[in-house]
Amino acid sequence: MQEAKTLLKINGIFSFALALGGIFLQVFLFTLGGFRTVVEYNLVSAFMVVIFYIISGWLLTRITLKKCLLLGIGAHVLLFSLLFLFREQSLALVIPLGMINGMAIAVFWGAMAPLQYIFTTDETRYRFFGHQSFLFSITGGIAPIVGGMIITLVGSLVSKEFGYSFVFFLIALLMATIYREAKKLPEHGTIDFSFTDVIRHRRSRVWKLALLHDFFYGLFDFMFASFAAIIMFLIVKSEFFLGVVNGVGAIVAACAGLLAAVILAKRKTSFVAATLIAAIGMALLAWQENWWGLIAFTFLFNTTMPILNVASWKMLFDMLDRSRKEWQKKYYLFLEREIALGAGRVTSLLIFFWVVSNENQFDIARIAVALLAIVLVCIGLILRRITVVGTDD
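Residues numbered from 1 in each chain as written. Predicted model: local features only at pLDDT ≥ 70, side-chain atom pairs only at ≥ 80, totals over all residues. Heavy atoms only, no water.

## A short note on a nonpolar patch on the surface
Turning to step 1, where the next piece is worked out: A grouping of Phe 47, Ile 51, Ile 55, Trp 58, Phe 195 and Leu 350 is seen on the molecular surface, where their side chains present a nonpolar patch of about 540 Å² in accessible area.
Turning to step 2, where the next piece is worked out: Of all the elements, helix H2 (residues 35-59) adds the most residues to the nonpolar patch, at 4 residues.
Turning to step 3, where the next piece is worked out: When you line up the elements, Phe 47 lands in helix H2.
Turning to step 4, where the next piece is worked out: The exposure class of Phe 47 is partly exposed, given its relative accessible area of 38%. (Patch = residues over 30% accessible without salt bridge, like charges linked within 9 Å, V, L, I, M, F, W, Y side chains within 5 Å. Areas by Shrake-Rupley, 256 points an atom, 1.4 Å probe, with all protein chains shown as cover. Salt bridge = Lys/Arg side-chain N within 4 Å of Asp/Glu carboxyl O. Helix = DSSP H or I, 4+ residues; strand = E, 2+ residues; numbered from the N terminus. Buried < 20%, exposed > 50% of the residue type's maximum accessible area, 1.4 Å probe, protein only.)

Quick look at the structure:
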């Protein structure tokens, strides 16, 4: 389907843009204000994702999915334009920037997730998400290297701070490119949504497991991205080498993403072993504290995590298929999932915001990654349980 290809193109450019500065944004905030600033920014973002995802439900009763998607892309343009303009002064704007980031994420994915559901079927989803995983990874492999080179080069000519801001400027331009591409999508009607649907909805056992899976995923994703970036930076001590390491890992993950669809089609529970191997990689990153641990993590984690991601993405849409309602009446299910994800993210960020200080930062990051490895194992086990219960519920 041509629309599905357009979504893959949008997500590929979107992934490249965020990967170009995503990890460096965390490091940028870390260099400005330490761990507390990183956690504060992500905590505000997580709160705003939940709030604006709820608002998106109301918004989509009045505008189409396409217009909502364009609004989310525009919010990303605003975010990175502000980071470019304010540079070091961004430290004083951490709260507003976190709010804009949360709004941008919620509005973008509030439209993108239903569009993916509309343009895929049960037969095409492994292939679609396998290709999406490949695009996320390959663009994420190239972009950090490019970002690291830009920061290093511009830093040697002007200043490292200007190098960061120049990367943020390029991201804003890429987001503008995505905006033009998204305008090619066909229009869809508004959704049929009421907040009472969330309250009155009778949740099956398998849907409760799916929400529990998403809660644990929320515990995992935000904080792992932040703390892993800090650990890797403190090991390599260079933006350029940080980009190279992330680039290599992402290229490995890209190849694994293509294979994930084939592996899962042959053995649907292969994500269990993949999850355990990824958790071992995380433990090695947390406790080795050197290049050997970093290399082991890069290959173990990135060869197996795409399998879990593809299985998780398909699981969500399979759960939505269980409802016989039209897609316009299923948005409350997307909202319930986002609330579960948001609750996990906010919980993890509140915990680490409480314990984080400007001392012993490396130890804090190590402990966080080690604990998150346990959370990742729980995600795999819950997903395994869903595959067992699904046919009987």
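There is more to say after this.
## Examining the nonpolar core
Turning to step 1, where the next piece is worked out: In terms of nonpolar packing, the biggest core is built from 133 residues, with Leu 69, Phe 220 and Met 282 touching the most fellow members.
Turning to step 2, where the next piece is worked out: Here the element with the most residues in this core is helix H8 (residues 205-236); it accounts for 19 residues.
Turning to step 3, where the next piece is worked out: If sequence neighbours within four positions are ignored, Met 282 has contacts with Phe 220, Phe 224, Phe 297, Phe 301, Val 369, Leu 372, Ala 373 and Leu 376. (Core = buried A, V, L, I, M, F, W, Y, C linked by side-chain atoms within 4.5 Å. Contact = heavy atoms within 4.5 Å.)

## Concerning the packing of aromatic side chains
Turning to step 1, where the next piece is worked out: Taken as a whole and assessed by the stated rule, the structure comprises 18 aromatic pairs.
Turning to step 2, where the next piece is worked out: Here the aromatic rings of Phe 297 and Phe 301 are separated by 5.1 Å at their centres, their planes lie at 25°, and the arrangement is stacked. Here Phe 301 and Phe 297 lie together in helix H11 (residues 291-321), a separation of 4 residues that amounts to about one turn.
Turning to step 3, where the next piece is worked out: Exposure remark for Phe 297: the relative accessible area of 5% places this residue in the buried category.
Turning to step 4, where the next piece is worked out: In this structure an aromatic cluster arises from ring pairing among Tyr 217, Phe 220, Phe 224, Phe 297 and Phe 301. (Phe/Tyr/Trp six-rings, centres within 6.5 Å; stacked < 30°, edge-to-face > 60°.)

## A look at the environment of Val 38
Turning to step 1, where the next piece is worked out: Of note, Val 38 is situated in helix H2.
Turning to step 2, where the next piece is worked out: On the basis of relative accessible area, Val 38 is assigned to the buried category, the value being 2%.
Turning to step 3, where the next piece is worked out: Residues Val 38 and Pro 144, spaced 106 residues apart in sequence, show a C-alpha to C-alpha distance of 19 Å.

## Notes on H11
Turning to step 1, where the next piece is worked out: With 31 residues, H11 extends 45 Å between its outermost C-alpha atoms, agreeing within 8% with the 45 Å of an ideal straight helix rising 1.5 Å per residue.
Turning to step 2, where the next piece is worked out: Bending of H11 peaks at approximately 30° at the position of Met 305, with proline Pro 306 no more than four residues after it.
Turning to step 3, where the next piece is worked out: Among the residues of H11, the N-terminal cap falls to Asn 290, whose side-chain oxygen and the backbone nitrogen of Trp 292 are separated by 3.1 Å. (Expected span 1.5 Å × (residues − 1). Bend = angle between axes of the 7 residues up to and from the residue. Polar contact = N/O pair within 3.5 Å; in protein donor to acceptor, adjacent residues only side chain to side chain.)

## Remarks on the packing of helix H4 (residues 94-118) against H11
Turning to step 1, where the next piece is worked out: Orientation of H4 relative to H11, taken along the N-to-C sense of each, is 70°, at an axis distance of 11 Å. Relative to H11, the element H4 is oriented roughly perpendicular. On H11, the residues touching Ala 113, Gln 116 and Tyr 117 of H4 are Phe 317, Leu 320 and Asp 321.
Turning to step 2, where the next piece is worked out: Taken together, the residues of the contact of H4 with H11 break down into 4 nonpolar, 1 polar and 1 charged. (Axes fitted to C-alpha atoms, helices over the stretch in contact; angles between N-to-C directions. Parallel < 35°, antiparallel > 145°, perpendicular 65-115°, else oblique. Nonpolar A, V, L, I, M, F, W, Y, C, P; charged D, E, K, R; others polar.)

## Points about the pattern of salt bridges
Turning to step 1, where the next piece is worked out: The full count for this structure, using the stated rule, is 7 salt bridges.
Turning to step 2, where the next piece is worked out: For the salt bridge of Glu 181 with Lys 9, the shortest nitrogen-to-oxygen distance reads 3.5 Å. Taken together, the residues Glu 181 in helix H6 (residues 160-182) and Lys 9 in helix H1 (residues 2-33) connect sequence positions 172 residues apart.
Turning to step 3, where the next piece is worked out: Classification of Glu 181 by relative accessible area gives buried; the value is 11%.
Turning to step 4, where the next piece is worked out: A salt bridge links Glu 181 to Lys 184; its shortest N-O distance comes to 3.2 Å.

Just distances and angles here, no functional claims.
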